[in-house]
Amino acid sequence: MRHQWLVFVLVGLAMVVATGCSLSPAAPDLGRIYNEPAQNIGADRNPVIVIPGVLGSKLEEPGTHRPIWGSFIYGAADADTAEGARLVALPMAQGAPLRELRDEVVPTEVLDTLTLDIALIRGVELEAYAGILRTLAAGKYRDDQLQNQNEIDYAGVHYTCFQFAYDWRRDLSEQAARLHEHILDAKSAQPEGGSDKVDIVAHSMGGLLLRYYLRYGPTPLPDDGSLPPLTWEGARHVESAIVIGTPSAGSVLALEQLCHGVNFAALITPNYRAAVLGSMPGIYQLLPRPRHRLIALESGEPVDVLDPAVWERFGWGLADPRQDRVLQQLLPQVTSAEERRAIALDHLRKILARTRQFFDAIDAPATPPAGTELFLIAGDATPTPDRISVDPETGEVVTVGDAPGDGTVTRASALMDERVGHAYIPRLRSPIDWSIVQFLASSHIGLTKDPLFNNFVLYTLLERPRRGTMSEPLSMPRDRVRGAVIR
């Protein structure tokens, strides 16, 4: 029997070696599959808008064109310095609503590459969002930025792809008005008789912005804490909304970074201190929901991360007294440590209130109107941090658990699975009415480079039938059925 078992093993190994491809499936030939539909540039085809995630838009100082984020070259803003910290952070002032706390920094373009200076080597580029733009290029969606950089030869195909750069530091509901104008511009660029809708491909945080826009259009959240009417005004302009790796239920990594700050690449990029990140409402809008009970004391008691008293109790982020050195950089005109702390805590309270309001706005169960569909692409093959334990004495936050995801966003968060934190029940419970969900075995950024992602996106944009158009088959000769001749 042992010899027989050995023969089976050796034969099996020989078959694997002989076939080779059985261990690594062949990738589809997207050029061959989508060549013909990609050539169809007509009224049946929508323009496409790409919305990046957090950090995915370049920020620049107008006039001087000084890079604030996205290009770490000589002369760029250095958050380790007082001047650079003030350029990167958002302004803070007591009594002023968040919408009035503005600086002159502007978003310029989607971060398709990240430019660095390393020692004496200038302009080292790391690919960021070029992958998603190249996927669209395979469908003959031309992007003017890549065209101008001679990255891709589009062979004169009509301009149908647009990037939406936004200030990811700010409240996402504020960005909806700019997205609305961008959509109207994209529609007006279409030839006469073209589509009256757009398709949108949004990665990570960009999916949160997109979901808010679909529900409320260009209307931002009111300053009084109420919610705007859920009109689906934005959905009137969007047919296919493809959301990729979006933390619809948040990520515990956001709390870690707001508490500790972050250095994206040691010795290459500056340190982004907790008080600098803590000035940005957009980062808080990536926090997990308190009702999912993913952040708890060591005893298991859940912690409400949207309660300002919790931040003061544990000395997190802007409420950390040790951040006063950074606050001196951000508020040079304020000489008193007590006054700086009062300003910081006031800013924290406003942001947490706005974050709770934003969650209420996008978490209410609702189904998009006919003509608009939501598609989700998410990773579920990588252990992803999903639980944090808080030391009740020191306030230290420690990741203590993980769940399937893409390394940044868990599967459950991408789905907005409301069963999290509660006893299991069959079937997904989510306030988001997904039309199709596609899971991939890729990382957060790797999702946009996965061949299955490319195939799914191109099929959805170019070939997937619109609802209600499948009832009548194309005509065929009556004497032929599936190639057989009827006599």
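Residues numbered from 1 in each chain as written. Predicted model: local features only at pLDDT ≥ 70, side-chain atom pairs only at ≥ 80, totals over all residues. Heavy atoms only, no water.

**Points about unusual backbone geometry**
- We note that His-65 has phi near 60°; this positive angle belongs to a residue other than glycine.
- Positive phi, normally seen in glycine, also occurs at Trp-232, with a value near 55°.
- Looking at the secondary structure, you find Trp-232 in the loop between helix H7 (205–216) and strand S11 (238–244). (Helix = DSSP H or I, 4+ residues; strand = E, 2+ residues; numbered from the N terminus.)

**Focus: the sheet that holds strand S5 (residues 106–110)**
- Read from one edge to the other, the open sheet built from three strands follows the order S3-S2-S5, with strand pairing classed as antiparallel. Two strands lie at the open edges of the sheet, namely strand S3 (66–69) and S5, each paired on one side alone. The sheet shows a mean angle of 40° between the axes of neighbouring strands, taken without regard to direction.
- Here strand S2 (residues 57–61) runs beside S3; their pairing, made up of three bridges, is antiparallel. Along S3, the bridge assignment pairs Glu-61 with Arg-66. (Pairing = 2+ DSSP bridges. Axes fitted to C-alpha atoms, helices over the stretch in contact; angles between N-to-C directions.)

**Describing the packing of aromatic side chains**
- Under the definition given, this model contains nine aromatic pairs.
- With 5.4 Å between their ring centres and 85° between their planes, Trp-311 and Trp-316 make a pair best called edge-to-face. Take Trp-311 and Trp-316: they sit in the same class, and that class is buried.
- The ring of Tyr-141 has Arg-45 lying over it, and the distance from NZ or CZ to the ring centre is 3.9 Å.
- Lying over the aromatic face of Phe-439, Arg-411 brings its terminal NZ or CZ to 4.0 Å of the ring centre. (Phe/Tyr/Trp six-rings, centres within 6.5 Å; stacked < 30°, edge-to-face > 60°. Buried < 20%, exposed > 50% of the residue type's maximum accessible area, 1.4 Å probe, protein only. Lys NZ or Arg CZ within 6 Å of the ring centre and 35° of its normal.)

**Points about the side chain of Arg-340**
- Checked against the element boundaries, Arg-340 lands in helix H13 (residues 337–363).
- A distance of 2.9 Å separates the side chain of Arg-340 from the side chain of Asp-324, its partner in a polar contact.
- Not counting residues up to four positions away in its chain, the partners in contact with Arg-340 are Asp-324, Leu-327, Gln-328, Leu-331, Val-334 and Thr-335. (Polar contact = N/O pair within 3.5 Å; in protein donor to acceptor, adjacent residues only side chain to side chain. Contact = heavy atoms within 4.5 Å.)

**Quick look at empty space enclosed by the protein**
- As enumerated under the stated definition, the model contains two cavities of 30 Å³ or more in all.
- Computed from the structure, the largest cavity encloses a volume of approximately 50 Å³.
- Surrounding the largest cavity, Arg-211, Leu-214, Arg-215, Trp-232, Ala-366, Leu-374, Ile-432 and Asp-433 form its lining.
- Here the lining of the largest cavity gets three residues from one element, more than from any other, and that element is H7.
- For the lining of the largest cavity, the per-class residue count stands at five nonpolar, no polar and three charged. (1 Å grid on protein atoms, 1.4 Å probe; cavity = no way out; pocket = protein on both sides within 12 Å on 5 of 7 lines; lining within 4 Å. Points joined across faces, edges and corners; volume = space filled by probe spheres on them. Nonpolar A, V, L, I, M, F, W, Y, C, P; charged D, E, K, R; others polar.)

**A short note on the confidence of the model for the protein chain**
- For the protein chain, the mean per-residue pLDDT works out to 85, and 81% of the residues sit at or above 70.
- In the model, residues 476–487 has pLDDT below 50 throughout and makes six contacts with residues more than four positions away in sequence or in other chains. (pLDDT = per-residue confidence, 0-100.)

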